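Survey of secondary and tertiary structure
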Amino acid sequence: LYASVTMKSTFKIIRKFCRTSHLRACYEISSSKRFFSGSNIPPDLKESIEKLRKLRQNLGEISIDRSELFRGVDDVSFNPHPSKPTPNSLTKDIAARIKISGPITIAEFMQQALQHPEHGYYSAENDKIGEKGDFITSPEVSQIFGEMIAVWFVASWQACGSPKNFSIVEAGPGKGTLMSDVLHSLNSFPDFFKCLKNIHLIETSPSLRKLQASRLKANISDTNNEGVQHGKYDEKIDLIWHRSLITVPENIFSLTVAHELLDALPIHLFEYKEGKWRERLVDVDESPEGFHFKQILSPSETPAVRALLLPIQRSEGNEISRPLPSEGETMEVSPMSIALVQEVAKRIQKSGGCALFIDYGEDHPQGNTLRAYKRHKEVNMFENPGDSDITADVDFAALRRCVGAMENVKYFGPIVQGLFLQNMGALKRAEILIDQPHVSDDEAELICDGLMRLMEPSQMGSKYKVFAVMESNQKSAAGFPIESNTKSQ
C-alpha cells in the first residue's frame, strides 16, 4: 500500500513535469510493471503510465540527477555560533536531520535524546538513577516500596482465582531494584512463587540490562535479532529481556508493573495561537544566544494536531467540558503512553491479568511540564542532548479515557502514592522492620525517613499517582478505596 501510494504521488509529479516544454527526465520508469498490474489500476494512471512508456521510447533512458536529494549527515552544513559551547555528537546529528527535513516535533527530539542507539541518554554507561545519578526513584528510597508492590501482586493474583501459570512483566526496570525487592518479598508466598512461570523485563538500554542482571544475580545471554536476552533468577525462574512489549507473550495471565516509565515517553506540545492549535517544534539555533536548538511554533496545523487534539475536542464522554482555550495556552499529549496502556489492557482482555502504573502527573491535561534533569538539578533540555534525563508529567485522564472505552477491562484510580502505600500496609511493615532486634537506632531512623519521603504529600506522596487496570469482573483492587473502583470517573 505504501509503495502504491508513493508511486501514485510520483506519477502526479511526473505528469505535472510532462506538461512543461523543458522536460529533462528525472525518473526511472522501467520498474512500473512491478508496482502496477491487474485491473485495479485507476484509468488515469493507466493512461499516464502508457504515455510515460512511449515517452521513454522516444527519449531513450529517462533519468534524473538525484545526487543532491540524498546527501549524508556529514554533508549538511550546520554552523554553530562560535560563542556557544562545542556541540556534542548527538547535537550534530539532530541538527543535520533538521537541516535536511526541517524542524522536528518535540516527540522526535525526546526520542533521539533519550533513545539514540549510540549517543542517547539511556545508551550511556554512566549511573543515572540514585543519589549519585540524575534522579531518584521510589524503589531506591525504601525497600518497603517494592515489598508493597509484591503484596499487590499476590492480592491481585488471588482475587483473579490464583491461576496456575502466569508471568510478571516490568516495563522500564531501571537498575533492577524494584524487581529485586519484589522477588525477595515473594519468597514469603510459596503458593504464588511456584505458579510463576517467567519474568519479562522491557528495557531498551544495554547498560541498564547489565545492571538489572547484576542486581537479580542472573547471567544474561547474547541478544538475538529481536533484541531478546535470557537469564535465570535463583536458577529456577526464566528472566527474559525485551526491547518492547511486542515480543512479550500475550497468551498467558500477566501481572504488569510500570514505574516511572510513562513520564519518559515522548510528548507532543501544543500552543493555542490566534484561535487555532499549533504545535511547538524544534529548530536549529545558530544565533549567538541560547543553545544550539530552539522551540518554534508551527505555521499551521500539523498532523499531530489533527490526530491528537481534535479527537479530544470532539469526544462526548464523561469528561467535564472545558472552556475554549485562552491565547498562549499549552497542552501536552503522549500518544506512546496511551498506546502502551491500551496494549496492556488488550492483553488483559485476551488472557487475563492486572497492571499497575505508578508515575508523577495529574488526573487532567496539563500545560508545559517538559523539563530535563542532570545531577538532580533542572537544566535546559537543549544543553548537550543525551546527557540529561527529559521528562514530562503524565496525563492520567487520557489513560482513563483509553481504558474506559474498552470492553471487559476497568481501571482504578488514579490515587496518590501515599494513600496507596498506606492502604497496602506500608506503615505496619515499617514497624515490623524497626522492631527487629538487630536494627539499630540509626537504621530505624533511615527506615522511617525513607517511608516518609515516599508518603508525605510535600515530597513524593502526592505528586506520584497510582493507576490500575483489571479485568472487568473485579469489583475492587488492593490498595484502592472503594470510591475509586469504577470504570469511569
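Here, every reference points to the structure presented above.
For the structure given in this document, a descriptive report is provided here. (Residues numbered from 1 in each chain as written. Predicted model: local features only at pLDDT ≥ 70, side-chain atom pairs only at ≥ 80, totals over all residues. Heavy atoms only, no water.)

**Examining the packing of helix H15 (residues 426–434) against helix H16 (residues 441–455)**
Cut-off, in case you're wondering: Angles run from 0 to 180 degrees between N-to-C directions of axes, and those axes are lines fitted to C-alpha atoms, restricted for helices to the stretch in contact. In this description a helix means any DSSP run of H or I spanning at least four residues, a strand means any run of E spanning at least two, and both kinds are numbered starting from the N terminus. Roughly parallel here means an angle under 35 degrees, roughly antiparallel means over 145, roughly perpendicular means 65 to 115, and every remaining angle is called oblique. Only heavy atoms matter for contacts: two residues are in contact if any of them lie within 4.5 Å across the pair. Under the convention adopted here, Pro, Cys and the residues Ala, Val, Leu, Ile, Met, Phe, Trp and Tyr are nonpolar, Asp, Glu, Lys and Arg are charged, and Gly plus all remaining residues are polar.
Interhelical geometry of H15 versus H16 gives an angle of 170° and a closest axis separation of 9 Å. Accordingly, the angle class assigned to the pair H15 and H16 is roughly antiparallel. Within the contact between the two elements, H15 uses Ala426, Leu427, Ala430, Leu433 and Ile434 and H16 uses Ala444, Ile447, Cys448, Leu451, Met452 and Met455. Counted by class, the contact of H15 with H16 contains eleven nonpolar, no polar and no charged residues.

**Focus: the pairing of strand S17 (residues 464–471)**
Our working definition: Whether a residue is buried, partly exposed or exposed follows from its accessible area with a 1.4 Å probe, protein chains only, as a fraction of its type maximum: under 20%, in between, or over 50%, in that order. Note: two strands are recorded as paired if DSSP finds a minimum of 2 bridges between them.
The buried fraction of S17 is high, at eight of eight residues. Where strand S11 (residues 353–362) lies against S17, six bridges are found, and the strand directions are antiparallel. Residue pairing across strands places Ile358 opposite Val466, the latter belonging to S17. Relative to S17, strand S16 (residues 409–416) runs antiparallel, the two being bridged by six bridges. Following the sheet pairing, Ile415 is matched in S17 by Val466.

**Description of the pattern of salt bridges**
Note the threshold: Basic side-chain nitrogens of Lys or Arg form a salt bridge, by our definition, when they fall within 4 Å of a carboxyl oxygen of Asp or Glu.
Summed over the entire model, instances satisfying the criterion amount to 16 salt bridges. With a closest N to O distance of 3.9 Å, Asp191 and Lys194 form a salt bridge. Linking Asp191 with Lys194, this pair stays in helix H9 (residues 190–195), spanning three residues, or about one helical turn. The salt bridge partner of Lys232 is Asp238, with a shortest N-O separation of 2.7 Å. Of the residues examined, Lys232 reaches a relative accessible area of 36% and is grouped as partly exposed. What you see here is one network of salt bridges that share partners, running through Glu362, Arg371, Asp393, Lys463 and Lys465.

**Considerations on the sheet that holds strand S14 (residues 389–391)**
Strand order across the open sheet formed by three strands is S13-S12-S14, with antiparallel pairing between neighbours. Looking at which strands have only one partner, the edges of the open sheet turn out to be strand S13 (377–379) and S14. On average, each strand axis in the sheet is tilted by 40° relative to the strand beside it, whichever way the strands run. The pairing of strand S12 (residues 371–374) with S14 spans three bridges and is antiparallel. Considered in S14, the bridge of Ala372 is made with Ile390.

**Considering unusual backbone geometry**
Here the amide bond leading from Gly413 into Pro414 is cis, since omega sits at 10°, within 30 degrees of zero. Along the chain, Pro414 turns up in strand S16. Residue Asn384 is not a glycine yet carries a positive backbone phi of 55°. Looking at the secondary structure, you find Asn384 in the loop between S13 and S14. Notably, Asn408 is not glycine yet its phi reads approximately 65°, a positive angle. Mapped onto the elements, Asn408 comes out in the loop between helix H13 (396–404) and S16.

**Topic: the packing of helix H4 (residues 89–101) against helix H5 (residues 106–115)**
Inclusion rule: By definition, any crossing whose near helix is turned counterclockwise from its far helix by less than a right angle is left-handed, and any crossing with a clockwise turn is right-handed.
Close contact between H4 and H5 brings their axes to 11 Å; oriented N to C, the two are set at 150°. Judged on the interaxial angle alone, H5 and H4 are roughly antiparallel. Here the hand of the crossing between H4 and H5 comes out right-handed. Together, Leu90, Asp93, Ile94 and Arg97 of H4 and Phe109, Gln112 and Ala113 of H5 make up the contact between the two elements. In terms of residue class, the contact of H4 with H5 is made up of four nonpolar, one polar and two charged.

**Focus on the packing of aromatic side chains**
Ring pairs (aromatic) are described by centroid distance and by the angle formed between their planes. Note the threshold: Aromatic rings from Phe, Tyr and Trp, with only the six-membered ring used for Trp, were paired whenever their centres fell within 6.5 Å, and each pair was classed as stacked if the ring planes differed by under 30 degrees, edge-to-face if by over 60, and tilted otherwise.
Under the criterion given, the structure shown has 14 aromatic pairs. Centroid distance Trp157 to Phe166: 5.9 Å. Interplanar angle 45°. Geometry classified as tilted. The class of Trp157 is buried, set by a relative accessible area of 5%. Here Phe166 falls in the buried class, since its relative accessible area comes to 0%. With centroids separated by 6.1 Å and ring planes inclined at 55°, the aromatic side chains of Phe293 and Phe382 adopt a geometry described as tilted. Here Phe293 is found in strand S9 (residues 293–297), whereas its partner Phe382 is found in the loop between S13 and S14, with 89 residues between them in sequence.

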